[in-house]
Amino acid sequence: VSLFPLPNPDVVAANFTAFFTPDSPGAFSVTPGTGVMEAGTPISVPGAHGVTTGNGVTTGDGVNTATARKRFDVASEAAENGPGVTLRIGYAPVEYGTSLVGRLRIVTKENTWTFEVIGTTPTYVKPTAPARVDTHISKETDAKMKEARARNAGNVVARNTKQAHYTSRKMFSAKHTP
């Protein structure tokens, strides 16, 4: 998950919709999907014809801000690092080894942004702790192993083929028939 701050370039609050385009992999997600962008912090713009508000009203020189925008005049502009919205971009791949690319689109009434988002997985960092493998056998375990070896000494297969060691029904019934 990454946080992505997007400042509002307008000096009025704006409803927005944020989504990944349909051609983007399902491994990407964005929250919130809809909401209101805070109004941007106004800055003074030279040659703005006295228009200092971005609320679509006519100001001192008779220029409507919406009309000014359509003429590509700067009616009102906000600071680049001002308020707006912070989006949470999620990336949850189902397989590793490739970087996936998605297109994030944020739409308001006045603006549309499209961002190419590249999903990467963290690089593997080998642990620095030394390996701790105990290869020594305790004296108690060693004594039990020697005892078991002495008990099973000799040819175990030959010993198990003798009639005294059979436990099958056929051999058992043959031993006890009168």
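Up top is the structure these notes are about.
The written sequence of each chain sets the order in which its residues are numbered from 1. Where totals are concerned, whole chains, interfaces and linings use all residues; where local detail is concerned, this predicted model gives features only for residues with pLDDT of at least 70, and gives and counts side-chain atom pairs only at 80 or more. As a convention, hydrogens and water are excluded, and side-chain values are obtained from all of the structure's heavy atoms.

Undergrad: Tell me about the overall build of the protein chain, and name the residues and values.
TA: In this text, helices come from DSSP runs of H or I with a minimum length of four residues, and strands from runs of E with a minimum of two, each type numbered from the N-terminal end. A count of helical and extended segments in the protein chain gives 4 helices and 9 strands. Starting at the N terminus and walking to the C terminus, you meet the elements of the protein chain as β-β-β-β-β-α-β-β-β-β-α-α-α. Burial analysis of the protein chain (178 residues in total) assigns 22% to the buried set. For this analysis, residues touch if any pair of their heavy atoms sits within 4.5 Å. The long-range fraction of contacts in the protein chain, counting pairs at least 24 apart against all pairs at least 6 apart in sequence, stands at 63%. Only the protein chains shown count as cover for residues, and the accessible areas themselves come from Shrake-Rupley with a 1.4 Å probe. Counting only carbon and sulfur atoms, one obtains 56% of the accessible surface of the protein chain, whose full area is about 13100 Å². Relative accessibility decides the category of a residue: with a 1.4 Å probe and only protein chains considered, values under 20% of the type maximum give buried, values over 50% give exposed, and everything between is partly exposed.

Undergrad: Give a description of the pattern of salt bridges that names residues and reports values.
TA: Any carboxyl oxygen of Asp or Glu within 4 Å of a side-chain nitrogen of Lys or Arg constitutes a salt bridge here. Evaluated as defined, the whole model comprises 5 salt bridges. Here Asp 23 ties to Arg 103 by a salt bridge, and the two come within 3.4 Å at their closest N and O atoms. Of this pair, Asp 23 sits in the loop between strand 2 (14–20) and strand 3 (28–31) while Arg 103 sits in strand 8 (residues 100–107), and the two are 80 residues apart along the sequence. Assessed through its relative accessible area of 54%, Asp 23 is described here as exposed. Across the pair Asp 142 and Lys 146 runs a salt bridge whose closest N-O atoms are separated by 3.7 Å. Linking Asp 142 with Lys 146, this pair stays in helix 2 (residues 139–151), spanning 4 residues, or about one helical turn. On the basis of relative accessibility, which here comes to 30%, the residue Asp 142 falls in the partly exposed class.

Undergrad: Account for the nonpolar core, naming residues and giving values.
TA: If you look at the biggest cluster of nonpolar residues, it comprises 14 residues, and the most contacted ones within it are Phe 16, Phe 20, Val 30, Met 37, Leu 87, Leu 104 and Ile 106. At the level of elements, strand 2, strand 3, strand 7 (84–91), strand 8 and strand 9 (112–119) are the ones that each hand at least two residues to this core. Contact partners of Leu 104, with chain neighbours within four places excluded, come to Phe 19, Phe 20, Val 30, Ile 89, Trp 113, Thr 114, Phe 115 and Val 117. Buried Ala, Val, Leu, Ile, Met, Phe, Trp, Tyr and Cys residues that are joined via side-chain atoms within 4.5 Å together make up what is termed a nonpolar core.

Undergrad: I'd like a rundown of the sheet that holds strand 7, residues and numbers included.
TA: The pairing of strands in a sheet happens through backbone hydrogen bonds and is either parallel or antiparallel. Taken in spatial order, the 3 strands make up an open sheet running 1-7-3, and their pairing is antiparallel. With one partner strand each, in any of the chains shown, strand 1 (2–7) and strand 3 form the two edges of the open sheet. Strand after strand, the sheet turns through a mean of 25° between neighbouring axes, direction not considered. Two elements, strand 3 and strand 7, share 4 bridges in a ladder whose sense is antiparallel. Its bridge partner being in strand 7, Val 30 is matched across the sheet by Ile 89. Only when DSSP finds a minimum of two bridges between them are two strands counted as paired. For helices, the fitted axis covers only the stretch in contact; all axes are lines through C-alpha atoms, and the angles between them, taken along N-to-C directions, range from 0 to 180 degrees.

Undergrad: Explain the side chain of Ser 24 residue by residue, including any values.
TA: As for its position among the elements, Ser 24 is in the loop between strand 2 and strand 3. Residue Ser 24 is classed as buried on the basis of its relative accessible area of 13%. Counted as a polar contact is a pair of N or O atoms within 3.5 Å, where, for protein atoms, one must be capable of donating a hydrogen and the other of accepting one, and residues adjacent in sequence contribute only when both atoms are in side chains. Separated by 2.8 Å, the side chain of Ser 24 and the backbone nitrogen of Arg 103 make a polar contact.

Undergrad: How would you summarise the packing of aromatic side chains if you had to cite specific residues and measurements?
TA: Side-chain rings of Phe, Tyr and Trp (the six-membered ring for Trp) are treated as a pair once their centres are within 6.5 Å; stacked means planes under 30 degrees apart, edge-to-face means over 60, and tilted covers the remaining angles. Under the definition given, this model contains 3 aromatic pairs. Ring plane angle 25° and centroid distance 5.2 Å describe the contact between Phe 20 and Phe 28, whose orientation is recorded as stacked. By the burial criterion, Phe 20 is buried, and Phe 28 matches it. When the centroid spacing of 5.1 Å and the interplanar angle of 35° are considered together, the rings of Phe 28 and Tyr 91 count as tilted. Here Phe 28 is found in strand 3, whereas its partner Tyr 91 is found in strand 7, with 63 residues between them in sequence. Taking the relative accessible area as the measure of exposure, Phe 28 reaches 8% and is therefore buried. An aromatic cluster of at least three residues, connected via ring pairs, comprises Phe 20, Phe 28 and Tyr 91.

Interpretation note: all reported values are geometric properties and have no functional meaning in isolation.
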